[in-house]
Amino acid sequence: MNKKYVLGIISLFAFTSLQAQTNEPASLNGIVAKAIDYYPTLKEQKVQLEVSDFQTEITKSKYLPTVTGDAAYHHVYPDSYANFGPEQFSFYPLDQWDAGIKVNQLVYDFGKTKADIDKSKSQKKVVESQYKSTSFGFAYRVANVYNNIIFLNKSIDAIDAQIEVLNGTKKIIDSRIRNGVGIEFDLVSTQVKLNDAINRKTELLNSLQKQVILLNTMAGTSYNSSSIPFKSFDYQLTQHNADSVFAVAQATNPDLAAAKSRQDAAASELKTTEKNWAPALRFVGGTGYKNGYFPGDIYKMKFNYNVGAVLSVPIYTGGRNDNEHNISKVNYKASEYNTDAVSINLKKDIQQTIADESTESEKVTFSATQVEQAQKALDLANSRFKNGVITNIELLDAQSNLLKAKVDQIQFEYQLATTQLALKRLMGVQFWNNN
């Protein structure tokens, strides 16, 4: 095969792969929005919301008439007859036919059906709030994976910088050994540090690959660990007020909203069971054809109709109605306690998270100074080492101190970004919908 042709195919695939990666959402908002639309489990739960709509419509249909078409045949034996002279007179036909349409329409049930409809609507809101809570939690799990990838990318960059510095130091020592002014111990010490840095980078690359696989699984993306672009944390050096955050969370926190929906559903259930003893007035009617009419031919099918009203009044149910009502009262009280518990825990979590935010903000600010000082110390050590004033061990210590300062800074930035992300979750912030 022509080499140019082969190279053309390879270039086409490479361009296609690059184009596919370019089309991936690079921002956290875009990735989370795509993940929510993509993830099959969330799609399944969203489809199940339609069941709640159907259940509500089924409850509403109690206001509508029910119309049924019935056709019946009975063969009766023995015959019931009387003899009048030479003739035999039957009281009913042996073969009985009855075909017609029957109508049953609720007229008034003292609010029982309305209570059932309100209960169905409240149960639908419970399902919706549960879906929102699930999708909300999933979105923040994706965001945490995103932050993990940033942390690993920045850590790898820091290790790469150290490896580059160590390689430079190694070249200097090699040159000195060749010129007869260096010692083998310095070279070995530097190589040990270099090998350790390479091993740490290998571990970080493995962790990064796993996190990228997890992100691709959750969001339906196709990133690879060698070209994923996430490099910067999203955080602010600000201090939130616990009372203000809690006031916002009272209205928007998805877990609290789900608890309130369950309480509303319990209240609707209580109102429904209060109507257990309500009577129901119904209109009934029917029309059709049947045989067995006197006088005349009892086998002849004749047109008939009937209209009327039925009043059903519960008198005795074996205690079922009372027990159902008692259960609903207990469930409502339990739902009140559950809502209170969720609210109390929410306030506690907000206060603790803001305390963490304050601590992490101070660490980030302090770490920036540490990195700056460690860099100055390394610059000075490099100059002194080149002039032969300090030993290689002292230079390696300065390099290690800078790496530690950078790693600490990355860790503190990661913790602050994660803490503020947790605070947004407690507040109920849907950041992926913000323009």
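This report concerns the structure included in the present document. Just so it is clear, the model here is predicted, and its values are computed rather than measured.

Definitions and limits used
- Residues numbered from 1 in each chain as written.
- Predicted model: local features only at pLDDT ≥ 70, side-chain atom pairs only at ≥ 80, totals over all residues.
- Heavy atoms only, no water.
- Helix = DSSP H or I, 4+ residues; strand = E, 2+ residues; numbered from the N terminus.
- Rg over C-alpha atoms; globule rule 2.2 N^0.38 Å.
- Buried < 20%, exposed > 50% of the residue type's maximum accessible area, 1.4 Å probe, protein only.
- Contact = heavy atoms within 4.5 Å.
- Areas by Shrake-Rupley, 256 points an atom, 1.4 Å probe, with all protein chains shown as cover.
- Axes fitted to C-alpha atoms, helices over the stretch in contact; angles between N-to-C directions.
- Parallel < 35°, antiparallel > 145°, perpendicular 65-115°, else oblique.
- Left-handed = near helix turned anticlockwise from the far one by under 90°.
- Phe/Tyr/Trp six-rings, centres within 6.5 Å; stacked < 30°, edge-to-face > 60°.
- Expected span 1.5 Å × (residues − 1).
- Core = buried A, V, L, I, M, F, W, Y, C linked by side-chain atoms within 4.5 Å.
- Polar contact = N/O pair within 3.5 Å; in protein donor to acceptor, adjacent residues only side chain to side chain.
- 1 Å grid on protein atoms, 1.4 Å probe; cavity = no way out; pocket = protein on both sides within 12 Å on 5 of 7 lines; lining within 4 Å.
- Points joined across faces, edges and corners; volume = space filled by probe spheres on them.
- Pairing = 2+ DSSP bridges.
- Salt bridge = Lys/Arg side-chain N within 4 Å of Asp/Glu carboxyl O.

Scanning the protein for helices and strands turns up 9 helices and 6 strands. In terms of overall dimensions, the protein is more spread out than a globule: its C-alpha atoms have a radius of gyration of 39 Å, far above the 22 Å expected for 435 residues. Projected onto the principal axes, the alpha-carbon positions of the protein cover approximately 150 × 70 × 40 Å. Within the span of the protein, comprising 435 residues, buried residues form 34% of the whole. Taking all contacts inside the protein whose residues are at least 6 apart in sequence as the whole, residues at least 24 apart take part in 81%. In the structure as shown, the protein presents an accessible area of about 25,900 Å², 56% of it carried by carbon and sulfur atoms.

Considering the arrangement of structural elements, one finds R200 in helix α5 (residues 184-219). By relative accessible area, which is 35% here, R200 ends up partly exposed. C-alpha separation for the pair R200 and S358, spaced 158 residues apart in sequence, amounts to 31 Å.

In this section: the environment of K114. Position of K114 relative to the elements: it lies in helix α4 (residues 112-178). Sequence separation between K114 and V142 is 28 residues, and the spatial gap between their C-alpha atoms is 42 Å.

Between helix α2 (residues 28-38) and α4, whose axes approach to 10 Å, the crossing angle comes to 135°. Taken together, the axes of α2 and α4 are oblique relative to one another. The chirality of how α2 crosses α4 is right-handed. Here α2 contributes L28, I31, V32, A35 and I36 to the contact with α4, which in turn contributes S135, F138, A139, V142, A143 and Y146.

On to unusual backbone geometry, then. Following Y77, the chain continues to P78 via a peptide bond in cis, the omega torsion being 0°. Along the polypeptide, P78 turns up in the loop between β1 (66-75) and β2 (81-84).

Another aspect to go through is the packing of aromatic side chains. One pass over the structure, following the stated rule, counts 14 aromatic pairs. Ring centres of Y39 and F138 lie 4.5 Å apart, and the angle between their planes is 25°; on these two criteria the pair is classed as stacked. A residue pair is termed long-range when its members are at least 10 positions apart, and Y39 in the loop between α2 and α3 (40-60) and F138 in helix α4 qualify at 99 residues. Judged by its relative accessible area of 2%, F138 is buried.

Right, let's get into helix α8 (residues 320-386). In this model α8 runs 93 Å from its N-terminal to its C-terminal C-alpha over 67 residues, within 8% of the 99 Å that 1.5 Å per residue would give. Residue G388 follows α8 closely and has a positive phi angle near 75°.

Counting 43 residues, the largest nonpolar core has L215 and F230 as the members making the most contacts within it. Breaking this core down by element, the ones donating at least two residues are α2, α4, α5 and α9 (392-427). Sort the elements by how many residues they give to this core and α4 lands first, with 17 residues.

Right, let's talk about the side chain of Q420 for a bit. Topologically, Q420 is positioned in helix α9. For Q420, a relative accessible area of 8% gives the class buried. Among the polar contacts listed, one links the side chain of Q420 to the backbone oxygen of Q236, at a separation of 2.6 Å. Excluding residues within four positions of it along the chain, Q420 makes contact with D234, Y235, Q236, T238 and E357.

Computed from the structure, the largest pocket encloses a volume of approximately 360 Å³. Lining the largest pocket are 19 residues; nearest its centre among them are E128, K132, S135, F136 and Q430. Of all the secondary-structure elements, those providing two or more residues to the lining of the largest pocket are α4, α6 (242-252) and α7 (254-274). Sort the elements by how many residues they give to the lining of the largest pocket and α4 lands first, with 7 residues.

Across its 67 residues, α4 extends 99 Å between first and last C-alpha, which sits within 8% of the 99 Å expected from 1.5 Å per residue. G180 lies just past α4 and shows a positive phi near 80°.

Moving on, we come to the side chain of S129. Position of S129 relative to the elements: it lies in helix α4. Discounting residues that sit within four places of it in the chain, S129 has contacts with A257, A258 and S261.

The next point concerns the sheet that holds β1. Read across the sheet, 4 strands follow the order β1-β4-β5-β6 without closing on themselves; strand pairing throughout is antiparallel. Edge positions in the open sheet fall to β1 and β6 (302-312), since each of these has one partner strand only. Going across the sheet, the axis of each strand differs from the next one's by a mean of 20°, ignoring polarity. Note: strand β4 (residues 95-108) against strand β5 (residues 280-290), 10 bridges, orientation antiparallel. Bridge pairing links A99 to Y289 in β5.

Quick look at the pattern of salt bridges now. Applying the stated criterion across every chain, the model contains 15 salt bridges. Across the pair D157 and K231 runs a salt bridge whose closest N-O atoms are separated by 3.2 Å. Taken as a pair, D157 in helix α4 and K231 in the loop between α5 and α6 lie far apart in primary sequence, 74 residues in all. Take D157: its relative accessible area is 36%, and that puts it in the partly exposed class. What makes K231 partly exposed here is its relative accessible area of 38%.

This is a description of form; function is not addressed.
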